[in-house]
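These are the residues of each chain, in order.
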Amino acid sequence: VRRRSHWGWGYEDERPSADELRAAAAGLAAHLGFGSPEPEEPVPLEAVDLPAPRVALPTGLPLSQDPHARALHAHGRSYLDVVRGHRGRFPHAPDAVATPRDEDELRAVLEWAAAADLAVIPAGGGTSVTGGIDALPGAHAGAVTLSLRALDRVLAVDATSRAARIQAGATGPELERQLGEHGLTLRFFPQSFELSTLGGWIATRAAGHFATGPTHVDDLVESIRAITATGDVWESRRLPASGAGPSPDRLLLGSEGTLAVITEAWVRVLPRPSERRGASAAFPTFAGGAAAVRAIVQDGLRPANCRLIDAREAALTFAGDGGSALLVLGFESSGAPVGEQLARACALCEQHGGNVSEGREGAGGSWREAFLRAPYVRDTLVAMGVLSETFESAVTWDRLDTFVDHVVGATRAALGPEVLVTVRLTHAYPDGAAPYFTVVAPVARGDEEERWLAVKRAASEAVLAAGGTITHHHSVGRDHRPEYERQRPAPFAAALRAAKAALDPGSRLNPGVLFEAE
Ligand SMILES: Cc1cc2nc3c(=O)[nH]c(=O)nc-3n(C[C@H](O)[C@H](O)[C@H](O)COP(=O)(O)OP(=O)(O)OC[C@H]3O[C@@H](n4cnc5c(N)ncnc54)[C@H](O)[C@@H]3O)c2cc1C
């Protein structure tokens, strides 16, 4: 069994050697112009001083107090989480980690947690970037993390309706491998695909690689099965669509482990694409490229990939020389020809001043490689003393240009002149787009938390002030709660609290996420 790295991305068996890490750091420092070429070593697990567990374990339940399991589930994988883990700091380690193998075991864990007055933190792949799985007890005597990772199977496939029933703890590769046996795919590829799970995607309303059309996991969910804190089953009827009142699925989508534990879902699947065509286009300005993206989606085209990358990000990812913005375009289908759609999108790019190169490789290929490697590179940046943070939003087209300028300006102002702030459009809709920002800056060892907080608050304030959402797909968790509370209508907040009180009367599930802890 492969063990996950207890502090960084990926698995222990793929950690670079000290020499490999030094070589990577030297290359990155030369490319960025800052960061130490002498990377700091992570604190080994044996040297970590975890807080003593506050509960004794009963026998007969799937519970563990193994240090690796407790450290792994102490927090998610935001920049700050990686810094803390790298330094061997796990103040929010759960008192125990439960890994039930079926719903009966899950219910038994919930019953034990209630009797022992523990908070329960549902967890999938643990890739939250918003403090969503920190094992904080709230008003309770301790916290147990409820990992869904043992529930990782595709249980049924309905090839006629093109849907599959999948357990919540399956990661991207695990569910794709099992669907592949039926010639099917979910084609949902968030950047965290390797480690994140179906249940986590549903609980956070994750967004995958489709830039248009079905972008959020919401669009792929047919029905959800969950267990409430009191052990009741919540299962919606499998339907292609329904107008029967408010949707039960919609209440669980984005509930972030606060209302119920999602155990499985029926999701819409596809045959693997047989037709794929791509191109890239260089634009003198980001705003020019954005105008082309708007023309493409408002023309009725629905490219699977439509990422507009600003000149700084193109240079950072070796996809460009820093002189132009880059649009990476891809169309795919499981039968229908896509050549005409690509030709029409390329013509629209040219009309908006784009210089088009056809083919899926070249600049687009370099950017894709950098995108896939990014979670691993971030671990190296942490070891080199480089702050690397991302945040994202969505805004209507009429405000996009001023929004981007405002957010980039405010983030730079918060960190000073050495900071690099890049932007890309990750998802495009007929009425707006989702801008995604990356911040890279040198940071003195020990100052990371303060600098990260400065970026987080400045960026979040700028996003809200300029009319965007506090998150398009990274979730609310704890880190975005202040802005989420300002964004959501007050009567809706009251309705959500009432739902929480009905479903989780002990306020045991993930206290402090989405709602103030009671
Ligand atoms: C490098 C990196 C890249 C990322 N890229 C993307 C991206 O492209 N798109 C995107 O949308 N997000 C992205 N994320 C954020 C993160 O991967 C998503 O939020 C993802 O959906 C979390 O899934 P998970 O299984 O890891 O959930 P976890 O991190 O374990 O949990 C996240 C939240 O969901 C709740 N939860 C998890 N499972 C369940 C369940 N079965 N029942 C009830 N509640 C549950 C938890 O309580 C918590 O509140 C990225 C994160 C990182 C670190």
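Anyway, here's the lowdown on the structure attached to this text. Only a predicted model underlies this, so the values are computations on that prediction, with no experimental measurement involved. (Residues numbered from 1 in each chain as written. Predicted model: local features only at pLDDT ≥ 70, side-chain atom pairs only at ≥ 80, totals over all residues. Heavy atoms only, no water.)

**Some words on the overall build of the protein chain**
Then, in step 1: Helices and strands together make up the secondary structure of the protein chain, namely 15 helices and 19 strands.
Then, in step 2: Computed over its C-alpha atoms, the radius of gyration of the protein chain comes to 23 Å, within 12% of the 24 Å expected for a compact globule of 518 residues.
Then, in step 3: If one aligns the C-alpha atoms of the protein chain with their principal axes, the spans along those axes are about 65 × 55 × 45 Å.
Then, in step 4: A burial count over the protein chain gives 57% of its 518 residues as buried.
Then, in step 5: Taking the contacts inside the protein chain whose residues are at least 6 apart along the sequence as the reference set, 73% of them involve residues at least 24 apart.
Then, in step 6: Split by element, the accessible area of the protein chain, about 20,400 Å² in all, is 53% carbon and sulfur.
Then, in step 7: Here the protein chain contributes 51 positively and 64 negatively charged side chains, and the mean placements of these two sets differ by 2 Å. (Helix = DSSP H or I, 4+ residues; strand = E, 2+ residues; numbered from the N terminus. Rg over C-alpha atoms; globule rule 2.2 N^0.38 Å. Buried < 20%, exposed > 50% of the residue type's maximum accessible area, 1.4 Å probe, protein only. Contact = heavy atoms within 4.5 Å. Areas by Shrake-Rupley, 256 points an atom, 1.4 Å probe, with all protein chains shown as cover. Lys, Arg positive; Asp, Glu negative; His and termini not counted. Charge placed at Lys NZ, Arg CZ, Asp CG, Glu CD.)

**Some words on the pairing of strand β18 (residues 420-429)**
Then, in step 1: Among the 10 residues of β18, nine are classified as buried, and the element is accordingly described as predominantly covered.
Then, in step 2: Bridging between strand β13 (residues 305-309) and β18 involves two bridges; their strand directions are antiparallel. Within the sheet, the bridge partner assigned to Leu308 lies in β18 and is Leu425.
Then, in step 3: Two successive antiparallel strands, β18 and strand β19 (residues 432-442), enclose a turn made up of two residues. (Pairing = 2+ DSSP bridges.)

**Remarks on the sheet that holds strand β10 (residues 260-268)**
Note on sheets: strands pair through backbone hydrogen bonds, and any given pair is parallel or antiparallel.
Then, in step 1: The antiparallel open sheet is built from five strands, whose spatial order is β5-β6-β10-β8-β9. The sheet is open, and its two borders are formed by β5 (154-158) and β9 (233-235), each paired with just one other strand. In this sheet, neighbouring strand axes are inclined to one another by 15° on average, regardless of whether the strands run parallel or antiparallel.
Then, in step 2: Judged from the five bridges that link them, strand β6 (residues 163-167) and β10 form a sheet pairing that is antiparallel. Opposite Arg165, over in β10, you have Trp266 as the bridge partner.
Then, in step 3: Sheet contacts for helix α4 (residues 103-115): β8 (221-228), β9 and β10; angle to β8, the most-contacted strand, approximately 45°. (Axes fitted to C-alpha atoms, helices over the stretch in contact; angles between N-to-C directions.)

**Here's the deal with the pairing of β13**
Then, in step 1: For β13, the buried fraction is high: four of the five residues fall into the buried class.
Then, in step 2: Here β13 pairs with strand β14 (residues 325-333) via five bridges, running antiparallel. Paired with Arg307 across the two strands is Val328, which belongs to β14.

**Describing helix α10 (residues 339-351)**
Then, in step 1: Its 13 residues place the ends of α10 18 Å apart at the C-alpha level, agreeing with the 18 Å of an ideal helix rising 1.5 Å per residue.
Then, in step 2: Within α10, burial applies to Leu342, Ala345, Cys346, Leu348 and Cys349. For α10, the buried positions fall inside an angular range of 160° around the axis, keeping them on one side. Along α10, exposed side chains directed more than 90 degrees from the buried face belong to Glu340 and Gln351.
Then, in step 3: Buried residues in α10 make contact with β12 (275-283), α8 (286-298), β14 and β15 (355-358).
Then, in step 4: Following α10 by one or two positions, Gly353 adopts a phi angle in the positive range, close to 85°. (Expected span 1.5 Å × (residues − 1). Arc of directions from axis to C-beta.)

**Re the site of the ligand**
Then, in step 1: Around the ligand lies a shell of 35 residues, among which Pro122, Gly124, Thr127, Ser192 and Thr197 are the nearest.
Then, in step 2: One of the backbone nitrogen or oxygen atoms of Glu256 is found 3.0 Å away from an oxygen atom of the ligand.
Then, in step 3: Protein chains bury 96% of the 970 Å² of accessible surface belonging to the ligand in isolation.
Then, in step 4: Ranked by residue count, the leading element in the shell around the ligand is helix α6 (residues 198-204), at five residues.
Then, in step 5: Looking at side-chain class alone, the shell around the ligand contains 16 nonpolar, 16 polar and three charged residues. (Near = heavy atom within 4 Å. Polar contact = N/O pair within 3.5 Å; in protein donor to acceptor, adjacent residues only side chain to side chain. Nonpolar A, V, L, I, M, F, W, Y, C, P; charged D, E, K, R; others polar.)

**What to know about the packing of α8 against helix α12 (residues 397-415)**
Then, in step 1: At their nearest, the axes of α8 and α12 sit 11 Å apart, and the two run at 160° to each other. In terms of orientation, α8 and α12 fall into the roughly antiparallel class. Regarding α8 and α12, the two cross each other, and that crossing is right-handed. Facing α8, whose interface residues are Phe286, Ala287, Ala290, Val293, Arg294, Val297 and Gln298, α12 presents Trp397, Leu400, Asp401 and Val404.
Then, in step 2: Taken together, the residues of the contact of α8 with α12 break down into eight nonpolar, one polar and two charged. (Parallel < 35°, antiparallel > 145°, perpendicular 65-115°, else oblique. Left-handed = near helix turned anticlockwise from the far one by under 90°.)

**Quick notes on empty space enclosed by the protein**
Then, in step 1: For the structure shown, the criterion picks out one cavity of 30 Å³ or more.
Then, in step 2: In this structure, the largest cavity occupies an estimated 50 Å³ of space.
Then, in step 3: Lining the largest cavity we find Phe391, Glu392, Lys456, Ala459, Ser460, Val463, Ile470 and His480.
Then, in step 4: For the lining of the largest cavity, the elements supplying multiple residues, two or more each, are β16 (386-392) and α13 (448-465).
Then, in step 5: When residues of the lining of the largest cavity are assigned to their parent elements, the largest contribution, four residues, is made by α13.
Then, in step 6: When its residues are assigned to classes, the lining of the largest cavity shows four nonpolar, two polar and two charged. (1 Å grid on protein atoms, 1.4 Å probe; cavity = no way out; pocket = protein on both sides within 12 Å on 5 of 7 lines; lining within 4 Å. Points joined across faces, edges and corners; volume = space filled by probe spheres on them.)

**What about helix α5 (residues 172-180)?**
Then, in step 1: When we look at burial in α5, the residues that qualify are Gly172, Glu174, Leu175, Glu176, Gln178 and Leu179.
Then, in step 2: Looking at the buried residues of α5, the elements they touch are β5, β6, β7 (184-185) and α6.

**With respect to the sheet that holds strand β4 (residues 142-147)**
Then, in step 1: Spatially, four strands are ordered β1-β2-β4-β3 in an open sheet, and the strand pairing comes out mixed. Unpaired on one side and paired on the other, β1 (63-64) and β3 (118-123) mark the two borders of the sheet.
Then, in step 2: Both strand β2 (residues 96-98) and β4 contribute to a ladder of three bridges, which runs parallel. Each bridged residue has a counterpart across the sheet, and for Ala96 the counterpart in β4 is Val144.
Then, in step 3: With respect to the sheet, α4 is in contact with β1, β2, β3 and β4, its orientation differing from that of β4 by roughly 175°.

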